[in-house]
Amino acid sequence: MEAVLMIRLDKYLADMGIGTRQEVKKHIRQGKVKVDAAVVKSPEYKVNEKESTVLYGDSPVRYEAFVYYMLNKPAGVISATEDRREKTVVDLIKTKERKDLFPAGRLDKDTEGLLLITNDGKLAHSLLSPKKHVDKTYYARVKGIVTEEDARAFAEGIDIGTSALPEWTRPAVLEIISSGQESAVRLTIQEGKFHQVKRMFLARGKEVVYLKRERMGGLVLDSSLKPGEYRKLTDEELRNIYGTDRHAEGHGSDYI
Ligand code: URA
């Protein structure tokens, strides 16, 4: 059975982006907030996350414990939550109502494409767990001619480590889109080793000059999102990555 989650009224409203904790406390004390049709003036009043009807003025405020954004990460920002010097992917989410967002996984600073920004640690863990072998598909442009021999090497697994410390990749699928002075490819891997795609090509003596993630498990980058743009996941996308309708059923265990 799913636990009933009771939550302070000021946190409920602040989490849903009504204002800062201080601002919403003021609104509550001013009598602007109703719970189940009665004005409640104490910020610490506990509401039921799922069942209470909360009105701010005349507007109902529904609680979403978890939020999920699909970001088309632009080059030049780092996959971190916050940083003193560099712009992070979480800084790009301007509409965020939550302070607990983080990127589910990392892309290099110069890599673009699909990144899930969420506060759902369980989902992130499941997507990123090496045991789950979740497919990640990248579009890459590579200096020089990419060959079927490269595809065969990737299919067998390739050593991207050092002679002192070999590091073998799992079999990966390479599709050659075009081959020439600069080749265009699509590569699907099931791991997320540090700089993996770049190191796989380097192990074949080739340099990746552009990299973009297009897919992660059941989640495909929305092609209408320009680099730096984002949107919330649809219910269908959430079902795709959870394998169950989590909104209706609460935390599922059956991810991807
Ligand atoms: N592989 C890389 O080399 N870089 C990324 O950002 C992702 C996969």
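These figures come from a predicted structure and were not determined experimentally. Every chain's residues receive numbers from 1 upward, in the order its sequence appears when written. With the structure being a predicted model, the display of local features is reserved for residues of pLDDT at least 70 and the display and counting of side-chain atom pairs for 80 or more, all residues being used for whole-chain, interface and lining totals. To get the side-chain values, all heavy atoms of the structure are used, and hydrogens and water are removed first.

1. So, the overall build of the protein
Phase 1 of the analysis: Along the protein, the regular secondary structure elements total 7 helices and 15 strands.
Phase 2 of the analysis: C-alpha extents for the protein along the principal axes are approximately 70 × 40 × 35 Å.
Phase 3 of the analysis: The buried label applies to any residue whose accessible area, calculated with a 1.4 Å probe on protein chains only, is under 20% of its type's maximum; exposed applies above 50%, and partly exposed to all values in between. In the protein, buried positions account for 46% of the 256 residues.
Phase 4 of the analysis: In the protein, the proportion of contacts linking residues at least 24 apart, taken out of those at least 6 apart, comes to 63%. Each helix is a run of DSSP H or I of at least 4 residues and each strand a run of E of at least 2, with the numbering of both proceeding from the N terminus. By definition in these notes, contact holds between two residues if any of their heavy atoms fall within 4.5 Å.

2. Quick notes on the site of the ligand
Phase 1 of the analysis: For the ligand, the full set of nearby residues is L107, D108, T111, Y138, H195, Q196, V197, K198 and L211.
Phase 2 of the analysis: In the model, an oxygen atom of the ligand is placed 3.2 Å from a nitrogen or oxygen of the H195 main chain.
Phase 3 of the analysis: Two N or O atoms count as a polar contact when they lie within 3.5 Å, although within protein this holds only if one can serve as hydrogen donor and the other as acceptor, and sequence-adjacent residues are included solely when both atoms are side-chain atoms. Contact distances for the ligand include 3.1 Å between a nitrogen atom and a backbone N or O atom of V197.
Phase 4 of the analysis: Only the protein chains shown count as cover for residues, and the accessible areas themselves come from Shrake-Rupley with a 1.4 Å probe. Protein contacts shield 95% of the accessible area of the ligand, which totals 240 Å² for the unbound molecule.
Phase 5 of the analysis: For the shell around the ligand, the element with the most residues is helix 5 (residues 196-203), which contributes 3 residues. Any residue with a non-hydrogen atom lying within 4 Å of a molecule or strand is treated as near it.

3. Focus: the packing of aromatic side chains
Phase 1 of the analysis: Pairing of aromatic rings covers Phe, Tyr and Trp, the last through its six-membered ring, and needs centres within 6.5 Å; plane angles under 30 degrees mean stacked, over 60 mean edge-to-face, and all others mean tilted. Inspection of the entire model under this criterion finds 5 aromatic pairs.
Phase 2 of the analysis: Seen from their ring centres, Y12 and Y63 are 4.9 Å apart, and the 35° between their planes marks the pair as tilted. Linking Y12 in helix 1 (residues 9-15) with Y63 in the loop between strand 6 (59-60) and strand 7 (68-73), this pair joins segments that are 51 residues apart in sequence.
Phase 3 of the analysis: Judged by centre distance (6.3 Å) and plane angle (85°), the rings of Y68 and Y242 are edge-to-face.

4. A word on the pairing of strand 10 (residues 136-143)
Phase 1 of the analysis: Taken across its 8 residues, strand 10 has 6 buried, putting it largely inside the fold.
Phase 2 of the analysis: Taken together, the 7 bridges between strand 10 and strand 13 (residues 208-216) define a ladder with antiparallel strand orientation. Within strand 13, the residue paired with A140 across the bridge is L211. For two strands to count as paired, DSSP must find a minimum of two bridges between them.

5. Here's the deal with the confidence of the model for the protein
Phase 1 of the analysis: What pLDDT conveys is the predictor's confidence in a given residue, as a value from 0 to 100. In the predicted model, the protein carries a mean pLDDT of 91, and the fraction of residues at 70 or more is 93%.
Phase 2 of the analysis: Low confidence marks residues 244-256, where pLDDT is under 50. Its contacts with residues over four positions away, or in another chain, come to 31 contacts.

6. Details of the pairing of strand 11 (residues 173-178)
Phase 1 of the analysis: As judged from the 5 bridges shared by strand 11 and strand 12 (residues 182-189), these two strands associate in the antiparallel manner. Within strand 12, the residue paired with E175 across the bridge is R186.

7. Structural notes on helix 2 (residues 21-29)
Phase 1 of the analysis: Within helix 2 the residues assigned to the buried category are V24, K25, H27 and I28. The buried residues of helix 2 occupy an angular sector of 160° when the element is viewed end-on, so they sit on one face. Exposed residues pointing more than 90 degrees away from the buried face of helix 2 are listed as Q22, K26 and R29.
Phase 2 of the analysis: Along its buried surface, helix 2 packs onto strand 1 (6-8), helix 1, strand 2 (33-35) and strand 5 (54-56). The reported arc concerns the directions from the helix axis to the C-beta atoms and nothing else.

8. Observations regarding the environment of R213
Phase 1 of the analysis: Within the element layout of this structure, R213 appears in strand 13.
Phase 2 of the analysis: The spatial distance from the C-alpha of R213 to the C-alpha of Y56 is 40 Å, given a sequence separation of 157 residues.
Phase 3 of the analysis: Leaving out residues up to four positions away in the same chain, R213 has contacts with R106, L107, E112, G113, L114, L115, K136, T137, Y138 and L221.
Phase 4 of the analysis: Within the structure, R213 has its side chain in polar contact with the side chain of Y138 (distance 3.2 Å).

9. Re the sheet that holds strand 5
Phase 1 of the analysis: As summarised here, the arrangement of the 4 strands in space is 3-2-5-6, forming an open sheet in which the pairing is antiparallel. The strands lining the two open edges of the sheet, one partner per strand, are strand 3 (38-39) and strand 6.
Phase 2 of the analysis: Pairing between strand 2 and strand 3: 2 bridges, direction antiparallel. Within strand 3, the position partnered with V35 by the bridge is A38.

10. A look at the pattern of salt bridges
Phase 1 of the analysis: When a carboxyl oxygen of Asp or Glu lies within 4 Å of a side-chain nitrogen of Lys or Arg, that pair is called a salt bridge. In total, this model carries 20 salt bridges according to the counting rule given.
Phase 2 of the analysis: Between R186 and E175 there is a salt bridge whose closest N-O contact spans 3.9 Å. Pair noted here: R186 is in strand 12 and E175 is in strand 11, with a separation of 11 residues, a long-range link.
Phase 3 of the analysis: Where D222 meets R231, a salt bridge forms, and the shortest distance between an N and an O atom there is 2.8 Å.
Phase 4 of the analysis: Beyond isolated ion pairs, a larger network of salt bridges with shared partners links E167, E191, K193 and R199.

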